[in-house]
Amino acid sequence: MVTSEQRRRQLARDKYERQMERRVEAQKKAKRRNAIVGGALAVVVIAAGGAFAGGVFDSDSKAKDKNAQAAPTPPAAVTPVKGCETPAAGAPNAKQWKTEPPLAIDTKAAYTAKLATSCGEVTVTLDAAKAPHTVNSFAYLASEQYFDHVKCHRLTTEGIYVLQCGDPTGTGSGGPGYQFADENLTGATYPAGTVAMANAGPGTNGSQFFLVYKDTQLPPNYTPFGKITGGLDVLTNIAGGGVQGGGGDGAPNANVVLNSVTATKS
């Protein structure tokens, strides 16, 4: 027969075990939450076909599977930004390819990209000599109108200062279906005006890229392939509009859409 004292001890033991279970579960939740916050604030970037590097710049397939938290969360309210207009009518064609396009550019020539955005034009000098496969892929996708009507889906205004574009799905997980190797990483730095690929790790470049509007410290993991020669003020204006819902990382308040992108031999 169970005595009242034994019953009391059993109830106390059950209560203690329940408290410990709740404490362990709370610790697990806190750990998961901190991991997500850490991933969102980590000093990292973006790419295509499946990539945006290590957290901040993750993209495409790997990012979708391993860095889902890297994709900006669509917020509630959008604040119009002066200087931005209604995007041109149309939708991304979202074409897909199984392999990287053959190298067709002249690596000894100069190439210029023009990004006609709904917030103004940005001009970029592409470095075909140092990043031939990257410039070749970018030029090919531009010739296929792959970037046209694509929304720049991510703005970071704390720690790193970049606008991320190139994902036709607008989620941070899209790309052209192929990936290619990193280039031009030795001694890579990311001062204002840099254009570089986003990725989800080594060799995962695709279509996503980022535009640096203010000197930014990043590890040399993101292929720099161009320099902004016009329209840096467009980017600073977009950045000044802030991030939807506040904070320092997410969808920009400015409705930034690439109305058209061209890449031509200078």
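Residues numbered from 1 in each chain as written. Predicted model: local features only at pLDDT ≥ 70, side-chain atom pairs only at ≥ 80, totals over all residues. Heavy atoms only, no water.

1. Observations concerning the pairing of strand β1 (residues 111–117)
(1) Moving on: Burial analysis of β1 places five of its seven residues in the buried class, which makes it a mostly covered element.
(2) Moving on: Where β1 meets strand β2 (residues 120–126), seven bridges bridge the pair, whose relative direction is antiparallel. Residue pairing across strands places Lys114 opposite Thr123, the latter belonging to β2.
(3) Moving on: Count of turn residues in the β1/β2 antiparallel hairpin: two residues.
(4) Moving on: Pairing analysis gives seven bridges linking β1 to strand β10 (residues 257–265), with the strands arranged antiparallel. Directly across from Ala113, in β10, lies its bridge partner Ala263. (Buried < 20%, exposed > 50% of the residue type's maximum accessible area, 1.4 Å probe, protein only. Helix = DSSP H or I, 4+ residues; strand = E, 2+ residues; numbered from the N terminus. Pairing = 2+ DSSP bridges.)

2. Comments concerning the packing of aromatic side chains
(1) Moving on: All told, the structure shown has twelve aromatic pairs when counted by the stated rule.
(2) Moving on: Geometrically, the ring pair formed by Tyr190 and Phe210 is tilted, given 6.3 Å between the ring centres and 40° between the ring planes. Of this pair, Tyr190 sits in the loop between β5 (162–165) and β6 (194–197) while Phe210 sits in strand β7 (residues 209–212), and the two are 20 residues apart along the sequence. Side by side, Tyr190 and Phe210 carry an identical accessibility label, which is buried. (Phe/Tyr/Trp six-rings, centres within 6.5 Å; stacked < 30°, edge-to-face > 60°.)

3. Considering the pattern of salt bridges
(1) Moving on: Using the criterion set out here, one finds three salt bridges in the structure.
(2) Moving on: With a closest N to O distance of 3.5 Å, Asp106 and Lys265 form a salt bridge. Taken together, the positions of Asp106 in the loop between α2 (60–66) and β1 and Lys265 in strand β10 put the pair 159 residues apart, joining distant regions of the chain.
(3) Moving on: The class for Asp106 is partly exposed, based on a relative accessible area of 31%.
(4) Moving on: Here Arg154 makes a salt bridge to Asp249, at a shortest N to O gap of 2.7 Å. Within this pair, whereas Arg154 is found in strand β4 (residues 154–156), its partner Asp249 is found in strand β9 (residues 249–250), the two being separated by 95 residues in sequence.
(5) Moving on: Residue Arg154 is classed as buried on the basis of its relative accessible area of 2%. (Salt bridge = Lys/Arg side-chain N within 4 Å of Asp/Glu carboxyl O.)

4. A look at the environment of His153
(1) Moving on: With respect to the helices and strands, His153 occurs in the loop between β3 (150–151) and β4.
(2) Moving on: Once the C-alpha coordinates of His153 and Gly170 are considered, the two residues, 17 residues apart in sequence, prove to be 5.3 Å apart.
(3) Moving on: A distance of 3.1 Å separates the side chain of His153 from the side chain of Gln164, its partner in a polar contact. (Polar contact = N/O pair within 3.5 Å; in protein donor to acceptor, adjacent residues only side chain to side chain.)

5. Comments concerning the side chain of Ser207
(1) Moving on: Along the polypeptide, Ser207 turns up in the loop between β6 and β7.
(2) Moving on: Among the polar contacts made by the side chain of Ser207, one reaches the main-chain carbonyl oxygen of Gly166 at a distance of 2.8 Å.

6. Here we look at the pairing of β5
Regular strands have side chains that alternate between both faces of the sheet.
(1) Moving on: Along β5, one buried face is formed by Val162 and Gln164 and the opposite face, lined by Leu163 and Cys165, is buried too.
(2) Moving on: Two strands pair when backbone bridges link them, and β4 and β5 are joined in this way by three bridges, in the antiparallel orientation. Bridge pairing in β5 links Arg154 to Gln164.

7. Concerning helix α3 (residues 132–143)
(1) Moving on: With twelve residues, α3 extends 16 Å from end C-alpha to end C-alpha; this agrees with the ideal 16 Å at 1.5 Å per step.
(2) Moving on: For α3, the tally of buried residues reaches nine of twelve residues, placing the bulk of the element in the interior.
(3) Moving on: Every buried residue belonging to α3 is among Pro132, Thr134, Val135, Asn136, Ser137, Phe138, Ala139, Leu141 and Ala142, and all of these are buried.
(4) Moving on: One or two positions beyond α3, positive phi appears at Gln145, with a value near 55°. (Expected span 1.5 Å × (residues − 1).)

8. Describing the state of the cysteines
(1) Moving on: Per the stated rule, a full pass over the model turns up two disulfides.
(2) Moving on: Through a disulfide, Cys152 is tied to Cys165; the S-S separation comes to 2.1 Å. The S-S bond linking Cys152 to Cys165 shows a torsion near 100°; that makes this disulfide right-handed. With Cys152 in the loop between β3 and β4 and Cys165 in strand β5, the pair connects residues that are 13 residues apart, well separated along the chain. In this structure, Cys152 and Cys165 share a single accessibility class: buried.
(3) Moving on: Here the cysteine-cysteine linkages of the chain are recorded as 1-2, 3-4, numbering only bonded cysteines and doing so in sequence order. (Disulfide = S-S within 2.5 Å.)

9. Points about the sheet that holds β5
(1) Moving on: Read from one edge of the open sheet, ten strands run β3-β10-β1-β2-β8-β6-β7-β5-β4-β9, paired in antiparallel fashion. Every interior strand has two partners, whereas the edge strands, β3 and β9, have only one.
(2) Moving on: Across the face of the sheet, α3 comes into contact with β1, β2, β6, β7, β8 (224–230) and β10 while running at roughly 120° to β10.
(3) Moving on: Sheet contacts for helix α4 (residues 232–240): β1, β2, β4, β5, β7 and β8; angle to β2, the most-contacted strand, approximately 125°. (Contact = heavy atoms within 4.5 Å. Axes fitted to C-alpha atoms, helices over the stretch in contact; angles between N-to-C directions.)

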